[in-house]
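Structure at a glance
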Amino acid sequence: MKIAVAYASMTGNTESIADEIKSYLDEENLDYSVFHIPSDDFYAFDLVNYDVIFFGSYTYGDGDLPFELMDLYDEVEDEDLTGKRIGLFGSCDSFYPLYGVALDQFKERFEFAGATVIGELVKVDLDPDDKDLELTRAMVDEVLAIK
Ligand SMILES: Cc1cc2nc3c(=O)[nH]c(=O)nc-3n(C[C@H](O)[C@H](O)[C@H](O)COP(=O)(O)O)c2cc1C
């Protein structure tokens, strides 16, 4: 099973969730590749190389996608992601009316491309607390179907 953890994070909160996913995968002795977009190149066509993708996005602007994920979002439409299992996570801020909607948009787009988005969307209000990290691990369990 090939696993990727791919995410964008401007101020580090989404990265903290990604770090929890990485720790958990390490504990389970699972191999994975990590992409912090845009420092690491990761395009829509890279998704097809993985069976499982943990994909992280914060929400920006007025319920917008992060700028660095916009091309990927557009190009997912052209990929066939049938059979891919995806878990979505990201930091948001409940101060904003459009709370974490980037994740809803990615869910819709990944499903359009044939992928299965599994478990709850892990929307975290700013930096993750212990409860958020528990929910993150529960999402990973569901996506991997390991527990
Ligand atoms: C200019 C600006 C606009 C934002 N707009 C939203 C928004 O519409 N909805 C939301 O849930 N969060 C919004 N946020 C909050 C970010 O998603 C939040 O700060 C998050 O923790 C950033 O994640 P990161 O640390 O991984 O970069 C906004 C933040 C900024 C600075």
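Owing to the predicted nature of the structure, the values given are computational and were not obtained by experimental measurement. (Residues numbered from 1 in each chain as written. Predicted model: local features only at pLDDT ≥ 70, side-chain atom pairs only at ≥ 80, totals over all residues. Heavy atoms only, no water.)

1. Focus on the pairing of strand β6 (residues 122-125)
- Side-chain alternation along β6 places Val 122 and Val 124 on a buried face and Lys 123 and Asp 125 on a face that remains uncovered.
- Relative to β6, strand β4 (residues 85-92) runs parallel, the two sharing four bridges. Bridge pairing in β6 places Ser 91 opposite Val 124. (Buried < 20%, exposed > 50% of the residue type's maximum accessible area, 1.4 Å probe, protein only. Helix = DSSP H or I, 4+ residues; strand = E, 2+ residues; numbered from the N terminus. Pairing = 2+ DSSP bridges.)

2. Side note on the packing of aromatic side chains
- Taken as a whole and assessed by the stated rule, the structure comprises nine aromatic pairs.
- Among the aromatic residues, those joined into a ring-pair cluster are Phe 55, Tyr 73, Phe 106 and Phe 110.
- We note Arg 109 situated over the ring of Tyr 73; from NZ or CZ to the ring centre the distance is 4.1 Å. (Phe/Tyr/Trp six-rings, centres within 6.5 Å; stacked < 30°, edge-to-face > 60°. Lys NZ or Arg CZ within 6 Å of the ring centre and 35° of its normal.)

3. Concerning the side chain of Asp 132
- With respect to the helices, strands and loops of the structure, Asp 132 is situated in helix α4 (residues 130-144).
- At 6.7 Å, Lys 131 is the nearest oppositely charged side chain to Asp 132, a buried residue that forms no salt bridge.
- Aside from chain neighbours lying at most four places away, what touches Asp 132 is Val 124 and Asp 127. (Lys, Arg positive; Asp, Glu negative; His and termini not counted. Salt bridge = Lys/Arg side-chain N within 4 Å of Asp/Glu carboxyl O. Contact = heavy atoms within 4.5 Å.)

4. Re the pattern of salt bridges
- On inspection of all chains with the given rule, the structure shows six salt bridges.
- Ionic pairing is found between Asp 19 and Lys 22, a salt bridge with its closest N-O pair at 3.2 Å. Linking Asp 19 with Lys 22, this pair stays in helix α1 (residues 13-27), spanning three residues, or about one helical turn.
- Between Lys 123 and Asp 104 there is a salt bridge; the shortest N-O distance is 2.7 Å. Separated by 19 residues along the polypeptide, Lys 123 in strand β6 and Asp 104 in helix α3 (residues 101-112) bring together distant segments of the chain.

5. Some details on the nonpolar core
- Grouped together as the largest cluster of nonpolar side chains are 27 residues, with contacts concentrated most on Phe 42, Phe 55, Leu 72, Val 76, Leu 88, Phe 106 and Phe 110.
- Put simply, the parts of the chain that give this core at least two residues each are β1 (3-8), β2 (33-37), β3 (52-56), α2 (70-76), β4 and α3.
- Looking at this core element by element, the count peaks at four residues for α3.
- Those residues in contact with Phe 106, other than ones at most four positions away along the chain, are Phe 55, Ser 57, Leu 65, Leu 69, Leu 72, Tyr 73 and Leu 88. (Core = buried A, V, L, I, M, F, W, Y, C linked by side-chain atoms within 4.5 Å.)

6. What about the UniProt feature "domain: Flavodoxin-like" (unreviewed entry) in the protein chain?
- When the UniProt feature table is mapped to this numbering, "domain: Flavodoxin-like" (unreviewed entry) covers residues 3-144.
- In the segment residues 3-144, helix accounts for 35% and strand for 21%; the C-alpha atoms at its two ends are 10 Å apart. (UniProt positions renumbered as here; feature names shortened; annotations may be inferred.)

7. Comments concerning the layout of surface pockets
- Taken as a whole, the largest pocket spans an internal volume of roughly 310 Å³.
- Here the lining of the largest pocket is built from residues that sort into eight nonpolar, ten polar and one charged.
- Taken as a whole, the second largest pocket spans an internal volume of roughly 150 Å³.
- Lining the second largest pocket, in full, are Ile 37, Pro 38, Asp 40, Asp 41, Phe 42, Tyr 43, Glu 68, Leu 69, Asp 71 and Leu 72.
- Looking at side-chain class alone, the lining of the second largest pocket contains six nonpolar, no polar and four charged residues. (1 Å grid on protein atoms, 1.4 Å probe; cavity = no way out; pocket = protein on both sides within 12 Å on 5 of 7 lines; lining within 4 Å. Points joined across faces, edges and corners; volume = space filled by probe spheres on them. Nonpolar A, V, L, I, M, F, W, Y, C, P; charged D, E, K, R; others polar.)

8. Thoughts on a negative patch on the surface
- Negative charge collects at one region of the surface, where Asp 125, Asp 127, Asp 129, Asp 130 and Glu 134 lie side by side.
- Locating Asp 129 in the fold gives a position in the loop between β6 and α4. (Patch = residues over 30% accessible without salt bridge, like charges linked within 9 Å, V, L, I, M, F, W, Y side chains within 5 Å. Areas by Shrake-Rupley, 256 points an atom, 1.4 Å probe, with all protein chains shown as cover. Charge placed at Lys NZ, Arg CZ, Asp CG, Glu CD.)

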